[in-house]
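These are the residues of each chain, in order.
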Protein chains: 2
Amino acid sequence: MLLAPRSKIYYITPWPLPERQTLIRLVQAVLRAGVGLVQYRAKQASTRRMYEDAQALLRLTRPFGVPLIINDRLDIALAAGADGVHIGSEDLPTNVARRMMGPSAIVGVSADHPAEARRAERQGASYVACGAVFPSPTKPDKPVIGPHGVAAVQHAVTIPVCAIGGITADNLAELSEVNPALVAVISAINDAPDPYAAARRLVEVARTALPHRVFGP
Amino acid sequence: MLLAPRSKIYYITPWPLPERQTLIRLVQAVLRAGVGLVQYRAKQASTRRMYEDAQALLRLTRPFGVPLIINDRLDIALAAGADGVHIGSEDLPTNVARRMMGPSAIVGVSADHPAEARRAERQGASYVACGAVFPSPTKPDKPVIGPHGVAAVQHAVTIPVCAIGGITADNLAELSEVNPALVAVISAINDAPDPYAAARRLVEVARTALPHRVFGP
């Protein structure tokens, strides 16, 4: 599933976490708009809330064949039966997460630099996410690595690379040359007046600006 | 292990979470003082911090044969190989926690009233914790159920019952008649000028005021 998502747009839910019904409407909208992956991220909520959110989101993503990835919390992913986890440097080590999730789950890892990315691949990561590609409204203090920073990570690993940070429909084409396997989008969808329209435009721009690589004759 | 802890005193780590070295010194002290169980509770810390804390605490508890229980976070318990988890009403459901932890792990559940306690036992709880027995400095808004509230829960279940909330060496004897299987202590140890001495006194008072029940001829 991961290596052939229906689109390169990787949607991440907003924080602070909105109410359940708002969250559901957002995810329904981006799924209809054609995103390829959904990540649920909820640092401050109770475990029960996260578990119930994950169950509700899986009921939405399953019919679309779109993987649901849980940020950080392997307990939530395992309890709800999500498709994978995304872990950062303050979360469990990659090798521990891979062992706990099993060989077929998606284990995404944040790795902004080539050496981190290589280590993540060696320890069992399914993909690495690197950024901030562009200045990010969600993480304003994060160093900007630019498209060339993504290219450097891409040269270091054989697994898919996800570009993240400040990506919008207007700057997506700046990634054409690097052409990452995935692009994560948070603010450009969640802060848009019409999240469905914003996601739809991103999916369409990605389709032309970031073509799937074709192998073989 | 759980049904025959070396003492009825169930120590819970302080929050907000102190630095690693302070935490280690506290747990070393209470282990030397003779507590029967240790619970690690860290709501606001990063997953990596909790994982590393749990690993460090297990190195302390293992030589004493004292179970280490992780509050709420099954991912931490599973990753570090802790002896069990303690879950509250805002955490994973009891039956889900039991399934994930396996049949031999300790799964403790907060259940302040008989009906909740019966449900927890049915769903696989190893013990239930009920309170606040006395007014609690850590949870001042929690209703006080008193020793008779503990007795009511004890009559409802066959699994061990842990009394929690405001318990000190000075009021422990008020629980003599009810004689719960375990008594959880937070402030009376963590806020004491000498946590070792406080834990030691609690262990000694518990030994006489709350005798282990003896079965058989």
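Conventions used here
Residues numbered from 1 in each chain as written. Chains lettered and ligands numbered in written order. Predicted model: local features only at pLDDT ≥ 70, side-chain atom pairs only at ≥ 80, totals over all residues. Heavy atoms only, no water. Least-squares fit on C-alpha atoms with pLDDT ≥ 70 in both. Helix = DSSP H or I, 4+ residues; strand = E, 2+ residues; numbered from the N terminus. Buried < 20%, exposed > 50% of the residue type's maximum accessible area, 1.4 Å probe, protein only. Contact = heavy atoms within 4.5 Å. Phe/Tyr/Trp six-rings, centres within 6.5 Å; stacked < 30°, edge-to-face > 60°. Lys NZ or Arg CZ within 6 Å of the ring centre and 35° of its normal. Buried area = accessible area lost by both parts, 1.4 Å probe. Salt bridge = Lys/Arg side-chain N within 4 Å of Asp/Glu carboxyl O. Polar contact = N/O pair within 3.5 Å; in protein donor to acceptor, adjacent residues only side chain to side chain. Nonpolar A, V, L, I, M, F, W, Y, C, P; charged D, E, K, R; others polar.

> Could you clarify how one ought to interpret the relation of the copies chain A and chain B in this entry?
For the pair of chain copies, the relating operation is a rotation around an axis with a shift along it. Structural alignment of chain A on chain B gives an RMSD of 0.0 Å, achieved by rotating through 180 degrees and translating 0.0 Å along the axis. Read as a symmetry element, the transformation amounts to a two-fold axis. The rotation axis passes nearest to the C-alpha of Asp-75 of chain A in chain A, at a distance of 2.3 Å.

> How do you make sense of the side chain of Ser-187 of chain A when you look at a structure like this?
Residue and element names in this part refer to chain A. Relative to the helices and strands, Ser-187 is located in helix α7 (residues 187-190). Given a relative accessible area of 15%, Ser-187 falls into the buried group. Setting aside its immediate chain neighbours within four residues, Ser-187 contacts Pro-137, Thr-138 and Ala-192.

> So what exactly am I meant to see when it comes to the packing of aromatic side chains here?
Two descriptors summarise a pair of aromatic rings, namely the distance from one centre to the other and the angle between the planes of the rings. The full count for this structure, using the stated rule, is 2 aromatic pairs over all chains. Centre to centre, the rings of Tyr-10 of chain A and Tyr-127 of chain A are 5.8 Å apart; their planes meet at 80 degrees, and the pair counts as edge-to-face. Placement of Tyr-10 of chain A in strand β1 (residues 9-12) and of Tyr-127 of chain A in strand β6 (residues 127-130) is noted, with a sequence separation of 117 residues between them. Like Tyr-127 of chain A, Tyr-10 of chain A is buried. The residue whose ring lies beneath Arg-32 of chain B is Tyr-196 of chain B, and the NZ or CZ to ring-centre distance is 4.9 Å. Here the basic side chain of Arg-41 of chain B rests over the ring of Trp-15 of chain B, its NZ or CZ set 3.5 Å away from the ring centre.

> I keep staring at the interface of chain A and chain B and nothing clicks. Help me out?
Quite often, the size of an interface is put as the accessible area lost when its parts meet. Taken together, the 19 residues of chain A in the interface contact 19 residues of chain B. Across the chain A/chain B interface, buried area totals approximately 1,600 Å², and carbon plus sulfur atoms make up 56% of it. Put simply, chain A and chain B have 2 salt bridges between them. Here Asp-75 of chain A ties to Arg-73 of chain B by a salt bridge, and the two come within 3.8 Å at their closest N and O atoms. For the interface between chain A and chain B, the tally reads 10 residue pairs in polar contact (both at pLDDT 80 or more). If you list the elements that add at least two residues to the side of chain A that touches chain B, you get α2 (47-61), α3 (74-80) and α4 (94-101) of chain A. Looking at the side of chain A that touches chain B element by element, the count peaks at 4 residues for α3 of chain A. Residues belonging to the side of chain A that touches chain B are distributed by class as follows: 8 nonpolar, 4 polar and 7 charged.

By themselves, these are just geometric observations and shouldn't be taken as functional.
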